[in-house]
There are 2 protein chains.
Amino acid sequence: MDVEQSAIRPLSQRLLQLLRDRGPLSRAELADRLDVPRPRLLTELEALVGSGIVREAGPAASRGGRRSTLVELRGDLRFAAVDLGAASIDVEITDGRLEPVAAYSEPADIRSGPKVILHRVSEILAKFKVEGAYERLEAIGIGVPGPVSFRDGVPVSPPIMPGWDRYPVREVLSREHGCPVVVDNDVNIMAIGECYGGVAHSVDNMLFLKIGTGIGCGIYLGGQVYRGTDGCAGDIGHIQVDSQGPVCACGNVGCLEAVFGGTALARDALAAARGGRSPALAERLAQSGTLTARDVADGAAEGDPLCVQLIRQGGRRVGGVLAGLVSFINPSMIVIGGGLSGLGHLLLAEIRSVVYRRSLPLATGNLPVVLSELGPRAGVVGAAVLASDLAFGRPS
Amino acid sequence: MDVEQSAIRPLSQRLLQLLRDRGPLSRAELADRLDVPRPRLLTELEALVGSGIVREAGPAASRGGRRSTLVELRGDLRFAAVDLGAASIDVEITDGRLEPVAAYSEPADIRSGPKVILHRVSEILAKFKVEGAYERLEAIGIGVPGPVSFRDGVPVSPPIMPGWDRYPVREVLSREHGCPVVVDNDVNIMAIGECYGGVAHSVDNMLFLKIGTGIGCGIYLGGQVYRGTDGCAGDIGHIQVDSQGPVCACGNVGCLEAVFGGTALARDALAAARGGRSPALAERLAQSGTLTARDVADGAAEGDPLCVQLIRQGGRRVGGVLAGLVSFINPSMIVIGGGLSGLGHLLLAEIRSVVYRRSLPLATGNLPVVLSELGPRAGVVGAAVLASDLAFGRPS
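Keep in mind that what you see is a predicted model, and the values were worked out from it rather than measured. (Residues numbered from 1 in each chain as written. Chains lettered and ligands numbered in written order. Predicted model: local features only at pLDDT ≥ 70, side-chain atom pairs only at ≥ 80, totals over all residues.)

Engineer: Could you clarify how one ought to interpret the interface of chain A and chain B in this entry?
Structural biologist: Between chain A and chain B, the contact holds 40 residues from the first and 40 residues from the second. For the side of chain A that touches chain B, the elements supplying multiple residues, two or more each, are helix H1 (3-7), strand S12 (215-221), helix H12 (305-329) and helix H14 (361-364) of chain A. Among the elements that line the side of chain A that touches chain B, the one with the most residues is H12 of chain A, at 6 residues. A breakdown of the residues in the side of chain A that touches chain B according to their chemical character gives 20 nonpolar, 16 polar and 4 charged. (Contact = placed C-beta atoms within 7 Å. Helix = DSSP H or I, 4+ residues; strand = E, 2+ residues; numbered from the N terminus. Nonpolar A, V, L, I, M, F, W, Y, C, P; charged D, E, K, R; others polar.)

What follows is the structure in structure tokens.
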């Protein structure tokens, strides 16, 4: 992780982040919180007011003595946050405090390739602009479902994104929209979102487990995302959990993703329906001609034993991998998110039971294992955080 | 990890670390390398020379213009580095540049408890003093074979160290020797040592796998040791590798340590010798009445098939766990150390083969898996690094 870069953030960046996270503050409060001499703060602030990114916001409550004036971020500051999933596009426009002012989601197949998908993203952003959601964007943050070279702003050998390998996502979007762009892995932005505005707020070391079509893990250590040497840290979907298990799309056998996750669950559900082992699934299959993880969740909710069993088995597999990772990384919290977190407390209970039984007691003594609070919004929230960090880090 | 603390190191600390790592430097070189204005450097340096920790060291080679004077660390600066293993005490006294000026090792049973062991450490240090290895110590670094609260300087629920739980190791040694003391886990100090003076020099993200009596992992990320929320990160010996495996001392079944490591290997060797499955081991058992990992290594060197098989099986188990950790943390290097790394290339080959086959290709593309360069010295080197960092970080 880029320790130096984060810890020696310039004063202007820390100041803008504070106004983003706390809202309007007086000069006195800013000087206190940033722990800098007042003259230095005033000089910095003057420059930011001059550049128009910060504005006066009326008188502060009195602390005795001369009354201070509040300052705040400019009201029309806008960031774009984009979360590309395997099968979806989610976009939000936020204000300077990262509150959404517009949001839109639609299904999309990431395999359509970068030209089609990014063109669609630009269309959505253009529509927002026409509708008045923004006049200009300070920065765009975008997450993609595969490994990313964070430094270069490009996907790197992404297994489920044909045509995207080293495609200049950052450059293309930046040229199109005339603002800086930051590209990250989709699970990383979810982890950042959950740490910024969700259940993991103020947690130092956190694992964010995304269980969707596939399975991935966001790693948040010492207050920042850890991305690994090649940008593929957290790619746990291909850890072997069963040496006799099914063949995985990656060519190995018994990978976690091959035994659980949206794809595996749909496959097992189909086999069960056709094999006459689940009346609930057979009925759904007859109705819609196909089965998804959603059907298994509904079946379980109705008490179909096979659906319950499929979720339990999956939870045990995930829990087994997670137990090892807990012993290894000794986190302060584990958050479960992604589409299959909709399987809810049945899945959570099974994961917890394995983690608490199998991990080192010292590592689980105070370890909460919880569901994501932001749910499907985790990704866009994280993308907005990255976008604002990027914009605030540039000399204004 | 303590980002703030490391990244905003005061100038004096960075200066002293530079003299430790590079040796004598001119004022001009120091100003260049530390990237500070020359007047500020000179003020700082004057204070350090005044306090006696830094001294003049003759004229520097000319760079044109006025000839500069070299400065260096005081010649009689001394650190003590202590590495407590499950069955050994290793102590080194180093000079300011961390070169050993005295070293001593002896067998010792950590289960004798903190009073006995720390008393013995103090006796060894006292003997060094009498022999003239040091006059006074600037700091002591000590590693212990169990989880440690780095902040509090105490072991925390260490499974193989009865009587040591929250024993005030730092306080006791500090009072006895009148200098600051830093306490860490033994695998962490090995990882630090290997990154400072071994094969992982200048590597950012590194896993140090210690295979000794037990198995543990040092995690070095972004240029610093990652210790986890409770100080027990890297404790991978109890990751389950075989749900049908032998019962482990921890109460679970099929833990990595229960199937491989010094204890497990000795157990398997004994069973093989008694079961008539290995002539080489049977002969050694008859000679000495006991068997250790060393006997298996010797048997393998002589070509005893069962010894080779035991090592290969162990390597595969370790490799399986490591493959998952590589997919998870995407390190730049893996270093194998500890007593059983003496099993050498047979073990290494087996570990490599599993890691390269089972981990994500993107994560293994440029991933060296190598044996420790410092061998049994890795721990004391790391302890000396920690001791000097501590001493240099204090206002002089």
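Engineer: Would you mind going over the pairing of strand S6 (residues 100-107) of chain A with me for this structure?
Structural biologist: The two faces of the sheet receive side chains in turn, since in a regular strand these alternate between them. Residues and elements named next belong to chain A. As judged from the 7 bridges shared by strand S5 (residues 88-94) and S6, these two strands associate in the antiparallel manner. Of the residues in S6, the one forming a bridge with Glu-92 is Ala-103. With antiparallel pairing between neighbouring strands as the criterion, S5 and S6 make up a hairpin whose turn holds 5 residues, including Leu-98 at a positive phi of roughly 70 degrees. (Pairing = 2+ DSSP bridges.)

Engineer: Sorry, what's going on with the relation of the copies chain A and chain B here?
Structural biologist: Both copies of the chain are tied together by a single rotation about an axis and a shift running along it. Expressed as a screw transformation, the operator carrying chain A onto chain B has a rotation angle of 180 degrees and an axial translation of 0.0 Å, and the superposed copies differ by an RMSD of 0.0 Å. Expressed as an axis order, the relation between the two copies is that of a two-fold axis. (Least-squares fit on C-alpha atoms with pLDDT ≥ 70 in both.)

Engineer: Sorry if this is basic, but what is going on with the packing of H12 of chain A against helix H13 (residues 344-358) of chain A here?
Structural biologist: For any two helices packed against each other, the geometry is given by the interaxial angle and the distance between the axes. Residue and element names in this part refer to chain A. Two elements in contact, H12 and H13, have axes separated by 7 Å at closest approach and are oriented at 35 degrees. Relative to H13, the crossing made by H12 is right-handed. Taken together, the residues of H13 that come into contact with H12 (itself represented by Val-308, Ile-311, Arg-312, Gly-314, Gly-315, Arg-316, Val-318, Gly-319, Gly-320, Leu-322, Ala-323 and Val-326) are Leu-346, Leu-347, Glu-350, Ile-351, Ser-353, Val-354, Val-355 and Arg-358. Classifying every residue of the contact of H12 with H13 by side-chain character gives 11 nonpolar, 5 polar and 4 charged. (Axes fitted to C-alpha atoms, helices over the stretch in contact; angles between N-to-C directions. Left-handed = near helix turned anticlockwise from the far one by under 90°.)

Engineer: Whenever I open this one, the domain arrangement of chain A confuses me. Can you help?
Structural biologist: The parts lose accessible area when they come together, and the size of an interface is often stated as this lost area. Residues and elements named next belong to chain A. When cut into domains, chain A gives domain 1 (3-73), domain 2 (79-194 + 377-393) and domain 3 (202-372). Its C-alpha centre places domain 2 at a distance of 26 Å from the equivalent point of domain 3. Between domain 2 and domain 3, the contact holds 15 residues from the first and 19 residues from the second. Taken together, the residues of the side of domain 2 that touches domain 3 break down into 12 nonpolar, 2 polar and 1 charged. (Domains from an automatic or database assignment.)

Engineer: Any chance you could explain the sheet that holds strand S5 (residues 88-94) of chain B here in plain terms?
Structural biologist: Across a sheet, paired strands are connected by hydrogen bonds in the backbone, their directions being either parallel or antiparallel. Residues and elements named next belong to chain B. The strand order across the open sheet built from 5 strands is S6-S5-S4-S7-S10, with neighbouring strands paired in mixed fashion. Of all the strands in the sheet, just strand S6 (100-107) and strand S10 (181-185) have a single pairing partner and so form its edges. Each neighbouring strand pair of the sheet contributes to a mean axis angle of 10 degrees, computed without reference to strand direction. Direction of pairing for strand S4 (residues 79-84) relative to strand S7 (residues 139-144): parallel, over a ladder of 5 bridges. Bridge pairing in S7 links Val-82 to Ile-142.

Engineer: Where do I start with the packing of helix H9 (residues 262-274) of chain B against helix H12 (residues 305-329) of chain B in this structure?
Structural biologist: All names here are of chain B. Their axes nearest at 11 Å, the elements H9 and H12 cross at an angle of 150 degrees. Judged on the interaxial angle alone, H12 and H9 are roughly antiparallel. Relative to H12, H9 is oriented so that their crossing is right-handed. The segment H9 lies against H12, with Leu-265, Asp-268, Ala-269 and Ala-272 engaging Leu-306, Leu-310 and Gly-314. Class assignment for the residues of the contact of H9 with H12 results in 5 nonpolar, 1 polar and 1 charged. (Parallel < 35°, antiparallel > 145°, perpendicular 65-115°, else oblique.)

Engineer: What is the right way to read H13 of chain A from this model?
Structural biologist: Residue pairs spaced three or four apart in an α-helix point in one direction, given the helix's 3.6 residues per turn. Residue and element names in this part refer to chain A. Its 15 residues give H13 an end-to-end C-alpha distance of 21 Å, which sits within 8% of 21 Å, the value for a rise of 1.5 Å per residue. Buried within H13 are the following residues: Leu-347, Glu-350, Ile-351, Arg-352, Val-355 and Arg-358. Against H12, strand S14 (333-337), H14 and strand S15 (369-371) lie the buried residues of H13. (Expected span 1.5 Å × (residues − 1). Buried ≥ 20, exposed ≤ 12 C-beta atoms within 10 Å, placed from the backbone.)

Engineer: How should I be thinking about the nonpolar core in this particular structure?
Structural biologist: Side chains of a nonpolar character, in soluble globular proteins, are inclined to be buried together. Of all hydrophobic cores here, the largest spans 240 residues; its most connected members are Ala-387 of chain A together with Ala-387 of chain B. Ignoring any residue separated from it by four or fewer positions in sequence, one finds Ala-387 of chain B in contact with Phe-79, Ala-80, Ala-81, Ala-139, Ile-140, Gly-141 and Val-182 of chain B. (Core = buried A, V, L, I, M, F, W, Y, C linked by C-beta atoms within 7 Å.)

Engineer: When you look at the sheet that holds S12 of chain A in this model, what are you seeing that I'm missing?
Structural biologist: Residues and elements named next belong to chain A. The sheet built from 5 strands is open, its strands ordered S13-S12-S11-S14-S15 with mixed pairing. Edge positions in the open sheet fall to strand S13 (224-225) and S15, since each of these has one partner strand only. Here S12 pairs with S13 via 2 bridges, running antiparallel. Each bridged residue has a counterpart across the sheet, and for Tyr-220 the counterpart in S13 is Val-225.

Engineer: Just to check I follow, could you spell out unusual backbone geometry for this structure?
Structural biologist: Leaving glycine out, the prevailing phi sign among residues is negative, and the prevailing peptide bond configuration is trans. Residue and element names in this part refer to chain A. In this structure, Leu-98 is a non-glycine residue whose phi angle is positive, near 70 degrees. Looking at the element boundaries, Leu-98 is found in the loop between S5 and S6. Under the C-beta neighbour-count criterion, Leu-98 is labelled buried, with 20 such atoms within 10 Å. With a phi close to 45 degrees, Ser-157 is a non-glycine residue in the positive phi region.

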